[in-house]
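Listed here are the chains, written in short residue letters.
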There are 2 protein chains.
Amino acid sequence: MLNLSVLSDPVFCPHSLNKYASIMACGNGYLGLRATHEEEYTQQTRGMYLAGLYHRAGRNETNELVNLPDITGIVIELDGVNFTLLSGDILDWERELDFASGELRRRVLWRSPGGKCYRIESRRFVSLDQLPLVAMRLSITPVDANAQLVLKTGIDATQTNSGRQHLDEISVRVFDQHYMQGIYETQNRAASVVVSAYCSLSRESDNCFTAKNRSLTAHYGLSVAKGDTVTLEKIVWVAHRGDKVLSHQTFAHNALAELKSSAERGYASLLESSGAAWENIWKNSRVEVASSDNLDQLALDYAVWHLTAMTPAHDERISIAAKGLTGEGYKGHVFWDTEIFLLPFHLFTRPQVARSLLRYRWLTLPGAREKARRHGWSGALFPWESAASGQEETPEFAAINIRTGIRQKVASAQAEHHIVADIAWAVVTYWQATHDDVFMRKEGLTLLLETASFWMARAKQVKGRLEIHNVIGPDEYTEHVNNNAYTNYLAWHNVACASRFLAMFGHEDAHFTQLASQFLAQLWLPQATADGVLPQDDTFLSKPAIDLSRYKAKAGKQTILHDYSRAEVNEMQILKQADVVMLNYLLPEKFTSQQCAANLAFYEPRTIHDSSLSKSIHGIVSARCGDTDRAYAFWRDGIAIDLGEDPHSSDEGIHAAATGAIWSGVIQGFAGLQIEKGELSLAPKMPPHWHRLAFPLRWREAHMRFTFENDVLTTETTAPVTLTLWGKTINITGRQVWPQKDFTTPDYGTATSGGRDDA
Amino acid sequence: MLNLSVLSDPVFCPHSLNKYASIMACGNGYLGLRATHEEEYTQQTRGMYLAGLYHRAGRNETNELVNLPDITGIVIELDGVNFTLLSGDILDWERELDFASGELRRRVLWRSPGGKCYRIESRRFVSLDQLPLVAMRLSITPVDANAQLVLKTGIDATQTNSGRQHLDEISVRVFDQHYMQGIYETQNRAASVVVSAYCSLSRESDNCFTAKNRSLTAHYGLSVAKGDTVTLEKIVWVAHRGDKVLSHQTFAHNALAELKSSAERGYASLLESSGAAWENIWKNSRVEVASSDNLDQLALDYAVWHLTAMTPAHDERISIAAKGLTGEGYKGHVFWDTEIFLLPFHLFTRPQVARSLLRYRWLTLPGAREKARRHGWSGALFPWESAASGQEETPEFAAINIRTGIRQKVASAQAEHHIVADIAWAVVTYWQATHDDVFMRKEGLTLLLETASFWMARAKQVKGRLEIHNVIGPDEYTEHVNNNAYTNYLAWHNVACASRFLAMFGHEDAHFTQLASQFLAQLWLPQATADGVLPQDDTFLSKPAIDLSRYKAKAGKQTILHDYSRAEVNEMQILKQADVVMLNYLLPEKFTSQQCAANLAFYEPRTIHDSSLSKSIHGIVSARCGDTDRAYAFWRDGIAIDLGEDPHSSDEGIHAAATGAIWSGVIQGFAGLQIEKGELSLAPKMPPHWHRLAFPLRWREAHMRFTFENDVLTTETTAPVTLTLWGKTINITGRQVWPQKDFTTPDYGTATSGGRDDA
């Protein structure tokens with residue numbers, strides 16, 4: 001048995017309601033459900049989302065992930081008093097998300113303001129077995145006297161995204177005194193959602209149903225004797241479609257039939273099936289660490305939980321939102337996060353999902369081509385923020401400028417073009433890890449060609465060389481610069497790979513090849529200073545630096561924007577995240593260990609880490625430079641993004657990329673996984689207080705498992721694999737044991753020379 | 001000085017939040033503002049509405065009064081704890097609406113869960129002097145230690161109508177670090193709203209502004225020493241337009257300029273101006289009673305408060321919503337309530353407002369004509385529910401049928417046609433009280449002619465007489481009946497008056513006159529049984545009756561629909577309100593006192609009074625029948641509709657018609673006001689515990705004042721008036737004293753014989 005972690009919400013606190021609603025959210029890649037309490041709190045934001053269900057609510061709005069009608073809310077009236085933990089006393093409290101079964105549980109012993117005690121227990125899960133299924137149970141026991149109970153629950157379509165309503169109510173209906181059904185359609189009529197809910201109470205009660213103001217509600221009133229427990233079971237089926245193949249009626253009828261057969265099985269049986277599906281996930285993806293700090297294992301389980309819950313493995317027309325399916329932050333849009341931070345996990349545990357995520361980009365090429373064309377470039381300019389169609393979805397405005405009182409425009413859509421090369425990087429990495437020639441021949445080459453074409457059009461001739469002007473690198477505190485190192489290197493890599501793979505697959509095109517060679521020969525790649533520091537862009541090194549310690553102390557909160565406008569920040573050496581460190585991470589073969597260390601040393605003090613993407617990458621690069629202590633410190637800071645003390649860190653959803661980075665920090669950091677000269681490379685070096693590290697890994701046709709313990713690496717594989725271990729190339733088969741002392745270890749984990757030849 | 005009442009919210013209770021938010025709402029006919037607390041509560045519905053600002057949010061929706069961006073919410077964080085009365089202890093509490101000044105005040109002494117005490121005082125008013133102006137003050141005093149305060153407030157456009165969003169955010173902006181402005185437009189772009197808010201803190205603080213997810217928010221953080229008071233003043237200007245004469249920019253600029261000049265004056269000065277406007281209202285409309293029960297006077301002041309706050313006296317394109325401007329019930333639609341229950345108050349205190357309300361119907365004639373035409377009739381069929389355009393706005397569906405699980409269709413729009421005759425009745429009554437020939441010549445005759453034409457088309461020949469089939473009378477528990485007494489008598493009155501006034505103003509039309517004579521001669525008017533009971537319709541008397549006592553005990557809650565479907569209720573002698581009693585009230589000259597008493601005796605036991613319009617009318621008819629005790633009991637039940645014990649009676653807004661009935665119950669009931677043979681008639685008879693009754697009254701050119709005390713009526717008038725007093729016709733001028741003993745009193749207050757000649 002896997003001894004999986006349990007994530008706890010240690011104490012009821014109004015301030016942290018939304019944090020725990022996000023981090024304890026349940027999901028299955030199809031549907032995400034925030035871990036909100038049954039009872040309402042003013043600060044609590046309920047949320048249920050379907051992957052890929054976006055809608056634009058009006059003018060000046062962007063498409064956003066639709067917050068669906070709520071099914072989790074239950075008004076609990078105990079002897080005339082509305083149950084709320086803000087009043088009365090909490091005598092006993094336990095709340096946990098059980099990663100093994102996927103069940104969210106709360107047990108409360110509550111004394112009402114009037115002095116009566118009640119035990120209130122609730123359980124809930126989103127099925128990993130049947131994607132449209134959500135099941136809940138609520139049990140109430142009056143502890144010290146008979147009680148009069150009122151329960152009200154149903155389908156509440158008054159839900160909005162911060163006041164924006166996306167769904168029209170088409171009809172609501174009650175069937176057989178037990179089944180409620182609401183049919184909804186997005187206001188643009190493109191998609192419909194049918195929410196069907198079965199409610200049943202363990203005891204006789206006065207029932208009625210009301211339908212008013214978009215809420216379909218079942219009301220139960222009953223007396224419960226002291227010590228007796230009454231249980232409400234609610235099974236919900238959330239069907240969704242973006243087509244009109246079936247009539248509303250037939251579609252809704254089918255959904256009801258599905259619900260009925262699930263309701264017949266009952267909560268316990270449904271949970272068991274879902275738990276079995278989770279068991280499979282853990283078996284194939286779990287990273288195990290034996291650490292003196294339990295949080296390390298918890299974080300890794302937390303990461304795999306959300307990496308599973310957020311990923312629409314069932315539908316390649318959808319990718320992963322920046323907050324997964326746990327909240328409305330970034331409006332559910334898809335960023336470069338998917339390719340750079342999330343794809344590695346899938347690639348090495350479920351490569352077919354990595355393929356599906358790349359297929360999403362391939363399917364949305366029309367939008368990317370159109371965006372490039374609109375701006376006068378050829379090829380594909382992928383949107384900075386993407387939703388269902390692949391068109392640019394970045395909102396027009398961000399925060400109020402503190403000097404002018406006017407909202408500032410968001411520049412990312414105009415200039416944060418590195419996403420194009422990031423996607424190409426992911427295509428190449430995918431092929432390296434899978435050798436999936438079928439994909440490369442069709443989608444892969446197209447993506448490489450279109451992205452490369454963009455860069456060749458985007459670069460401009462300046463004094464005999466090609467430069468890329470007016471871009472924003474990953475560091476969004478430095479806007480509209482020329483020759484951003486990250487962008488230029490990645491663009492070069494993009495074109496080089498396009499060229500190489502076209503040749504490799506016999507798809508050469510003389511015109512393209514010629515243009516590509518010219519581009520590769522002429523593109524300016526910023527060069528390191530004598531100290532080994534790569535300039536972030538043409539002007540960065542000439543800007544003044546200021547003391548950032550007070551802002552670094554509040555990393556992630558962008559407090560610098562309270563003191564300086566964006567324009568002012570732009571003119572100083574102030575980084576949200578360090579582009580060059582990121583570049584060192586993505587193209588390790590291009591840089592020596594010494595260069596990486598120099599960049600870390602120079603850029604880190606200038607980096608506030610206001611992006612959740614920042615510290616984890618610093619951690620991996622530190623690990624590769626051999627500084628495991630520092631790497632661990634960064635990794636722990638990365639964990640704290642969602643799991644730390646800040647009660648508001650994750651109000652609008654978890655940080656999807658950061659969960660990917662928890663996995664990457666261990667596998668690419670402490671286990672030293674890298675693709676070197678196209679082959680797998682490992683160099684485990686654990687933090688001192690870790691005694692054991694074990695993880696499964698997929699690599700081409702092989703299912704592998706690595707266990708590192710007592711300076712010995714045990715390898716298990718279903719197929720032979722060539723592996724560079726601690727700098728030495730070996731071939732592994734079956735189960736083998738590799739004592740670290742047998743490997744000479746100078747320079748392990750660092751790159752070969754900085755030549756331009758990779759992949 | 002008028003010694004005006006103060007309406008108190010006696011104790012903080014989560015259950016009654018919305019009741020008090022409605023009944024203590026402020027308004028000025030232009031803007032209504034629910035009396036919600038600064039801090040949020042899950043059950044609390046904030047609401048700010050502009051009269052006439054309707055919008056349809058999507059398919060299957062009707063136009064509804066738009067809930068505007070909120071300005072009243074303030075997040076109050078006291079030493080890190082969100083202020084909420086659900087936690088901690090309330091050591092002192094006072095909350096009141098001061099009718100004299102129009103100010104809503106709350107004073108709380110609160111001990112936080114951590115044990116620290118704070119005094120929190122807030123004040124607020126909607127200006128009666130400058131209609132777009134709302135002003136607020138919030139003062140906080142840490143009582144027993146220094147405190148760290150955070151305040152957040154601004155313009156929160158996440159507000160919805162039960163999840164329906166009506167406004168698009170066009171722009172938000174901060175000016176001069178003090179002024180916030182949001183520009184919004186209805187999604188159909190027909191109307192725009194500019195909300196401008198000035199915030200100023202009495203002390204230095206850390207400030208910043210955020211604009212996110214439709215909320216523009218000012219944040220203040222500061223330390224306050226023990227015993228010191230910090231005050232936040234917020235002045236808001238809510239501009240609205242339905243045209244595009246000015247650009248958004250200019251319109252918003254002007255609004256900001258208005259706000260700035262108001263903000264310069266400050267809260268106290270603005271309140272004084274508004275209070276002066278209220279003083280004028282009280283002087284001209286207040287009914288004074290000296291009663292041993294203070295609630296009697298409170299109710300009368302409450303009525304005048306809301307009758308003023310709900311009435312868009314500034315714009316004749318708008319009428320009065322069923323919940324005034326205090327909530328979203330009935331979606332802000334206009335019903336017959338306006339003409340029958342609200343117009344009398346205005347007619348006898350501010351006749352120009354009564355004229356404006358009738359002008360609204362005249363302006364919306366196109367919609368009424370279109371509805372008649374669509375159903376194959378001529379003339380004007382006014383919509384059962386009306387909004388801005390005069391088109392039918394009744395929602396399609398009501399509650400779920402308890403037997404089938406399907407939502408039931410609302411039949412009112414199809415068959416509740418009596419509203420046509422109700423409007424005609426109001427036109428005639430208006431002319432009787434004003435002799436406004438200019439109005440009658442233009443709008444009045446048109447309204448009478450169009451409504452009469454409708455009835456002549458609507459009636460059908462059945463065996464040699466005209467009948468009106470398939471209607472719903474005011475009693476909505478009896479649907480689709482033939483020859484509903486209320487409808488037939490009112491239709492007859494409508495056609496008779498049209499005929500008479502056309503002749504009177506020399507606008508006779510031979511064709512119309514002939515048709516009208518035929519209609520008047522042939523229309524079947526149900527006749528009383530031997531007991532004097534007028535049958536409600538052709539079949540009512542043949543239906544079975546059941547014991548209604550348990551439903552009558554919960555009058556207003558429609559609990560009968562928990563046990564019987566509407567179809568089942570329809571087949572029994574079950575009344576929501578009594579049509580025939582209503583008819584007796586409206587056309588007193590048609591019925592003898594004995595007939596009225598017989599109808600009361602027969603119908604009242606069969607009436608649940610599930611309509612808020614029911615009891616007050618029973619009260620007036622009882623008073624006219626001489627039964628003052630019973631009249632008082634009904635009147636008090638009418639008061640209880642909003643001011644009674646039920647914590648949820650007024651969640652979705654006050655009962656506008658019921659406030660009109662509070663006034664009518666006294667003036668038309670206890671003072672015995674009636675129009676008899678076209679002239680004014682009075683017959684004061686007070687409940688035994690009333691010592692004095694005084695009220696102003698407008699009648700044609702005269703401003704009058706009546707005071708009844710010690711069996712003596714004192715009359716004051718600015719112009720001579722012919723008055724029937726206690727059955728005897730007198731002429732009054734100047735100030736005169738009329739001892740009741742000088743009048744022989746048999747039959748006073750009762751009607752003349754039931755002849756067909758009226759007006």
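Refer to the preceding data block for the structure.
The rules behind these values
- Residues numbered from 1 in each chain as written.
- Chains lettered and ligands numbered in written order.
- Predicted model: local features only at pLDDT ≥ 70, side-chain atom pairs only at ≥ 80, totals over all residues.
- Heavy atoms only, no water.
- Core = buried A, V, L, I, M, F, W, Y, C linked by side-chain atoms within 4.5 Å.
- Buried < 20%, exposed > 50% of the residue type's maximum accessible area, 1.4 Å probe, protein only.
- Contact = heavy atoms within 4.5 Å.
- Least-squares fit on C-alpha atoms with pLDDT ≥ 70 in both.
- Pairing = 2+ DSSP bridges.
- Helix = DSSP H or I, 4+ residues; strand = E, 2+ residues; numbered from the N terminus.
- Phe/Tyr/Trp six-rings, centres within 6.5 Å; stacked < 30°, edge-to-face > 60°.
- Lys NZ or Arg CZ within 6 Å of the ring centre and 35° of its normal.
- Salt bridge = Lys/Arg side-chain N within 4 Å of Asp/Glu carboxyl O.

### So, the nonpolar core
One broad rule of soluble globular proteins: the nonpolar side chains tend to lie buried together.
Then step 1. Judged by nonpolar contacts, the single largest core of 422 residues is most densely connected at A:Trp336, A:Phe348, A:Phe519, B:Trp336, B:Phe348, B:Phe519 and B:Leu697.
Then step 2. Setting aside anything within four residues of it in sequence, one finds A:Phe519 in contact with A:Trp455, A:Met456, A:Ala459, A:Leu466, A:Ala491, A:Trp492 and A:Val495.

### Side note on the relation of the copies chain B and chain A
Then step 1. For the match of chain B to chain A, the screw axis carries a shift of 0.0 Å, the RMSD comes to 0.0 Å, and the turn is 180 degrees. Viewed as a symmetry operation, the transformation between the two copies matches a two-fold axis.
Then step 2. An overlap of 100% is found between the interface residues of chain B and their copies at the interface of chain A, pointing to a shared contact surface.

### Re the sheet that holds strand E2 (residues 26–27) of chain B
Either a parallel or an antiparallel arrangement is found when strands of a sheet pair, and the pairing is made through backbone hydrogen bonds.
All names here are of chain B.
Then step 1. With respect to topology, three strands assemble into an open sheet ordered E2-E3-E4, the strand pairing being antiparallel. The sheet is open, and its two edges are formed by E2 and strand E4 (48–50), each paired on a single side.
Then step 2. Note that E2 and strand E3 (residues 31–33) share two bridges and pair antiparallel. Paired with Cys-26 across the strands is Leu-33, a residue of E3.

### Looking at the packing of aromatic side chains
Then step 1. In this structure the tally under the stated criterion is 73 aromatic pairs over all chains.
Then step 2. Both rings, one in B:Phe602 and one in B:Tyr603, keep their centres 4.9 Å apart while their planes meet at 90 degrees; by these two values the pair is edge-to-face. Take B:Phe602 and B:Tyr603: they sit in the same class, and that class is buried.
Then step 3. These aromatic residues form a ring-pair network of at least three members: A:Tyr330, A:Phe335, A:Trp336, A:Phe341, A:Trp384 and A:Tyr486.
Then step 4. Here the guanidinium or amino end of A:Arg606 rests over the ring plane of A:Phe602, the centre of that ring lying 3.9 Å away.
Then step 5. Over the face of the ring belonging to A:Phe743 we find A:Lys728, whose NZ or CZ atom lies 5.1 Å from the ring centre.

### Brief notes about the pattern of salt bridges
Then step 1. All told, the structure shown has 106 salt bridges over all chains when counted by the stated rule.
Then step 2. Between A:Glu392 and A:Lys371 there is a salt bridge, with its nearest N and O atoms 2.6 Å apart. Residue A:Glu392 is located in the loop between helix H7 (365–374) and strand E21 (397–400), and its partner A:Lys371 is located in helix H7; the two are separated by 21 residues in the primary sequence.
Then step 3. Residue classification places A:Glu392 among the partly exposed residues on the basis of a relative accessible area of 22%.
Then step 4. A:Lys371 sits in the buried class, given a relative accessible area of 3%.
Then step 5. Across the salt bridge formed by B:Glu40 and B:Arg46, the nearest N and O atoms sit 3.3 Å from each other.

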